[in-house]
Every structure is written in structure tokens, then in C-alpha cells.
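Fold and contact review
If you want the building blocks of each chain, they are given just below.
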Amino acid sequence: MERVCVIDSHTAGEPTRLVVSGAPALGGGSLRERQRLLGEHADWLRTSLCLEPRASEAAVGALLCEPDSAANDAAVIFFNNNGYLGMCGHGMIGLVATLEYMGRMTPGRYRIETPVGVVQATLHGRGRVTVANVASWRFRKEVAVEVEGYGVVTGDIAWGGNWFFLVDDPGIGLRKERLEGLAGFAKAVRRGLEHAGIRGDDGGEIDHIEVLGEDGEGADARNFMLCPGGEYDRSPCGTGLSAKLACLYEDGLIKPGEVWRQAGILGGVFEGCITLVDGKIIPEITGVAFVTAETELVFSEGDPYRFGIC
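Attention in this report is confined to the structure presented alongside it. Each chain has its residues counted from 1, running along the sequence as written. Given that this is a predicted model, residues contribute local features only at a pLDDT of at least 70 and side-chain atom pairs are listed and counted only at 80 or more, while totals for whole chains, interfaces and linings are drawn from all residues. As a rule here, side-chain values come from all non-hydrogen atoms in the structure, and water together with hydrogens is ignored.

Strand pairing follows a simple DSSP-based rule, namely that at least 2 bridges must link the two strands. In this text, helices come from DSSP runs of H or I with a minimum length of four residues, and strands from runs of E with a minimum of two, each type numbered from the N-terminal end. Bridge count between strand E9 (residues 137-147) and strand E10 (residues 151-159): eight bridges; the pairing is antiparallel. Its bridge partner being in E10, Glu146 is matched across the sheet by Val152. Linkage of E9 to E10, two consecutive antiparallel strands, is achieved through a turn of three residues, within which Gly149 is found at a positive phi near 90°.

Structural data, given as C-alpha cells:
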């Protein structure tokens, strides 16, 4: 029997599962290369951590790695029920809060490598973290797409560490009680984008659909986020907020240093603002994570679902 130890946390309701021990060795090299090796040769780790019977499909896994550069403090590969992520905002907050829980980080600023670039995470203490994300931008504004059951809808394509299509709520209502309708609409939008061949500027798949609307409960806006594997983000989504902030800035609706409060579908709030570095938009996302469990996963010989129900 093999064993993998993890520590679970949640950030505004969205779970993160950090691998503490038992992960396969990936060697050196760039983090992108190690991510590729993990996917091609040890994908059992992802499926075991993020799929039933050990997890709900909302779980995001995090594998802490040695950084490729000595200038950085750590490196991380994020994954979910569908595959591997470029960056994960709630997951980065959960990672840093968990390392604080383990006694491996104290309040301060840290440089952490991801497959899409280096982010800076400031631990304020007691699980509160600010993530200065990778540079974010809007690729295309007001893109029209035919959506089955809804006709032509328009939205923005933006990068926040993953590719997003940001579209206004068509009238379903951004409330927890409307999850089924929101998920159905977002999935139809994604199918429409795929059918039309609409992609990011690097040819990347637009795999996150962000449905936006007013909040009315103290935040500036509320969102529903459909993630790549078909689950919804319980949190306001850090990379999604990064993409939203880039659009707001380019529309002249937010200035550097101004705070934007984004609520998720469950009501949890992330605070966001931007800075400009060499003309690039750097979003800063602040949230709080809470550790929920320390778990040892057992892989019993003969168990047909030892590596998850795929």
C-alpha cells in the first residue's frame, strides 16, 4: 500500500488540497516541463486527489515543488478534475495559508513560480494573503458568439493566468438557488466558443466562463465561474478577478490602487486592485483561507478505484 499525505483548506468555500508527502519525483528543469511530466507519467496523483471516491470534483490539487530559480522561494503546480491549470488564485491563497499553518511561512512577501510565470504572495497572517498575479490583459472586447437557447451573446476574452470569457448574466440571477441554470448557460457559451473556433491570442482554449452581474450586498459585483471540468468555483476566482480587473482598467472604470470587491456565487468576497509595472497590468487579489483537515490517503492493492473514478 502506498500513502500520500495532504492538507486541505478552503478559500471562500473553494477547496485546495496540498500534497505534503508521497508525490512522485519529477526531477529538475522548468516548471512547465515538470508539469508535462506529471501529466504524462504520474497523472494518477491528480485523479486520486481530485476525483471520487476521495474528493468532490470541486477540489483543486497543489503540488509544491522546488523552484527552478534560486531567486524564488517556492514553485507550485495546480490541477483539478479536468487537468492542469496555469495559475489558481484561490489555490495560491490556500497554499500560502497552509504553509503558514505548517510553520513554513511567516508574515512576509514570497516569490512563487507557476507554469505561467512568477507571482508574489504576501502573507499578512492568520490565513490572509495578497497575491500579485501574473500580468493580465484583455485580448478582445465585445466578441459575439451564437449560444444555443440564448441567441447571440457578447463578452470579453481576457487572460488572468487562465483564459476567460466574461459575459453578463442573461437574466438567470446570480444566486446560489440558480446554480443549475447558470451552469447550463455557461456550458452553452463554452460550446458556442468551441463551435466558432474562438480562442485566446496564443491559440489557447478559453476554458473558464465568467458570468457577471451586480451584487447588491456590499460588493461591487458578483460572478458565477464555470471551471474547465464542469464544476463551478465556490470562490470569486482569483484568476477570473484578475481578468475582470484588466477589462475594468482598459475601460477606464478602475485606476491603479483602487479596490474592487468581487463576490462569488456563495457570497464570499475577494478584494482586488491593480498596479502598473512596465506598462503591464498586475492584479493584486486578497482573500483568506482556512485549513480544514490533515489526511493520509491510502492506496490499497486491489482497489479498482484507488486512483479515482475516471
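Most peptide bonds take the trans form, and the phi angle of most residues other than glycine is negative. Of the consecutive residues Glu52 and Pro53, the connecting peptide bond is found in the cis state with omega at 10°. Mapped onto the fold, Pro53 is located in the loop between helix H2 (44-50) and strand E3 (60-65). Positive phi outside glycine occurs at Ala12, with the angle close to 55°. You will see that Glu142, though not glycine, has its phi angle at about 50°, which is positive. With respect to the helices and strands, the residue Glu142 is situated in strand E9. Under the scheme applied here, a residue whose accessible area is under 20% of the maximum for its type counts as buried, over 50% as exposed, and between as partly exposed, the area being computed with a 1.4 Å probe on protein chains only. A relative accessible area of 56% means that Glu142 is categorised as exposed.

Turning our attention to the packing of aromatic side chains. Any two of the Phe, Tyr and Trp rings considered here, Trp counted by its six-membered ring, make a pair once their centres fall within 6.5 Å; the pair's planes then place it as stacked at under 30 degrees, edge-to-face at over 60, or tilted in between. In the structure shown here, the tally under the stated rule is ten aromatic pairs. Seen from their ring centres, Trp44 and Phe299 are 5.6 Å apart, and the 85° between their planes marks the pair as edge-to-face. On the criterion of sequence distance, the pair formed by Trp44 in helix H2 and Phe299 in strand E16 (residues 280-299) is long-range, its members being 255 residues apart. The exposure class assigned to Phe299 is buried, which follows from its relative accessible area of 0%. Here, a charge over a ring means that NZ of Lys or CZ of Arg falls within 6 Å of the ring centre while also lying within 35 degrees of the ring normal. One Lys or Arg, Arg54, reaches over the ring of Phe299 and ends 4.3 Å from the middle of that ring. Against the face of Tyr232 rests Arg234, its NZ or CZ located 4.0 Å from the ring centre.

What follows covers the environment of Glu301. Relative to the assigned elements, Glu301 resides in the segment after E16. As a C-alpha pair, Glu301 and Ala23 span 278 residues in sequence and 18 Å in three-dimensional space.

Turning to the pattern of salt bridges, a few remarks are in order. Within this document, salt bridges are pairs made up of a side-chain nitrogen of Lys or Arg and a carboxyl oxygen of Asp or Glu, the two lying within 4 Å of each other. For the structure on display, the rule yields 14 salt bridges. One salt bridge in this structure joins Arg36 and Glu33, with 2.5 Å as the shortest N-O distance. Here Glu33 and Arg36 lie together in helix H1 (residues 31-41), a separation of three residues that amounts to about one turn. For Glu33, a relative accessible area of 31% gives the class partly exposed. Here the residues in one salt-bridge network are Arg138, Lys141, Asp156, Glu250 and Asp251, joined through shared partners.

Before going further, it helps to spend a moment on helix H5 (residues 238-250). With 13 residues, H5 extends 19 Å between its outermost C-alpha atoms, agreeing within 8% with the 18 Å of an ideal straight helix rising 1.5 Å per residue. A large share of H5 lies buried, amounting to eleven of its 13 residues. Among all positions of H5, only Gly238, Thr239, Gly240, Leu241, Ser242, Ala243, Lys244, Leu245, Ala246, Cys247 and Leu248 are buried. Immediately downstream of H5, the backbone of Gly252 shows phi near 75°, a positive value. Given the number of residues in a helix, its expected span is that number minus one, multiplied by 1.5 Å.

Purely geometric stuff here, so don't read any function into it on its own.
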